Amino acid sequence: MAGYLTTHVLDTARGCPAEGIEIVLSRIDASGRHPVARSRTNADGRTDAPILAAADFATGCYELVFHVGAYLRQSGQVAAEPLFLDEIPIRFGMNDAGAHYHVPLLLSPYGYSTYRGS
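Residues numbered from 1 in each chain as written. Predicted model: local features only at pLDDT ≥ 70, side-chain atom pairs only at ≥ 80, totals over all residues. Heavy atoms only, no water.

If you look the protein up in an unreviewed UniProt entry, it shows as 5-hydroxyisourate hydrolase from Rhodobacter capsulatus. Per its UniProt entry, the protein bears the Catalytic activity (unreviewed entry) comment "5-hydroxyisourate + H2O = 5-hydroxy-2-oxo-4-ureido-2,5-dihydro-1H-imidazole-5-carboxylate + H(+)". (UniProt positions renumbered as here; feature names shortened; annotations may be inferred.)

In structure tokens form, the structure reads like this:
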């Protein structure tokens, strides 16, 4: 079985999934950051397919950047510019070639949290 990577974005301030957030996945190595995938959250706050499918999965260091600014503006949760949170980078490692890695984002206009989900 090959590993894969998924995410889920929940708006904790409004108590609902966060739809329409652009997500960019990059692989990180000694020469820098290399974008490998781009996706957007659906009505359930998830992407329609894994961000990194089993066919493309490789262990290593990665970074997900959640572009939350447009979502926060559109949902009316911010009143002034610049936003406190506009892009949220989460850097993490995947060391098990057969595992499902799930990196959710719990979002509010002034804070966020993440964890390794299932």
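Enquirer: Please clarify how the sheet that holds strand β2 (residues 9-11) should be interpreted in this entry.
Expert: Where strands meet in a sheet, backbone hydrogen bonds hold them as pairs that are either parallel or antiparallel. With mixed pairing, the 4 strands of this open sheet are ordered in space as β3-β2-β9-β10. Of all strands in the sheet, those with a lone pairing partner are β3 (16-17) and β10 (111-114), marking the two edges. As paired elements, strand β9 (residues 105-108) and β10 share 4 bridges and run antiparallel to each other. In the sheet register, L107 faces β10, and the bridge partner there is Y112. (Pairing = 2+ DSSP bridges. Helix = DSSP H or I, 4+ residues; strand = E, 2+ residues; numbered from the N terminus.)

Enquirer: What is the right way to read the nonpolar core from this model?
Expert: Soluble globular proteins tend to bury their nonpolar side chains together. Of all hydrophobic cores here, the largest spans 26 residues; its most connected members are L5, I21, L25, F66, V68, F92 and L107. Breaking this core down by element, the ones donating at least two residues are β4 (22-29), β6 (60-67), α1 (69-74), β7 (87-94) and β9. Of all the elements, β7 adds the most residues to this core, at 4 residues. The residues contacting L25, other than those within four sequence positions of it, are L5, H34, P35, V36, A37, I51, L52, Y62, E63, L64 and F92. (Core = buried A, V, L, I, M, F, W, Y, C linked by side-chain atoms within 4.5 Å. Buried < 20%, exposed > 50% of the residue type's maximum accessible area, 1.4 Å probe, protein only. Contact = heavy atoms within 4.5 Å.)

Enquirer: It is not clear to me how the side chain of H102 should be interpreted in this structure. Could you clarify?
Expert: By secondary structure assignment, the location of H102 is in strand β8 (residues 100-102). Judged by relative accessible area, H102 falls into the buried class, the value being 7%. At 2.6 Å, the side chain of H102 forms a polar contact with the side chain of T6. Excluding residues that lie within four positions of it along the chain, H102 makes contacts with T6, T7, H8, R46, Y115, R116, G117 and S118. (Polar contact = N/O pair within 3.5 Å; in protein donor to acceptor, adjacent residues only side chain to side chain.)

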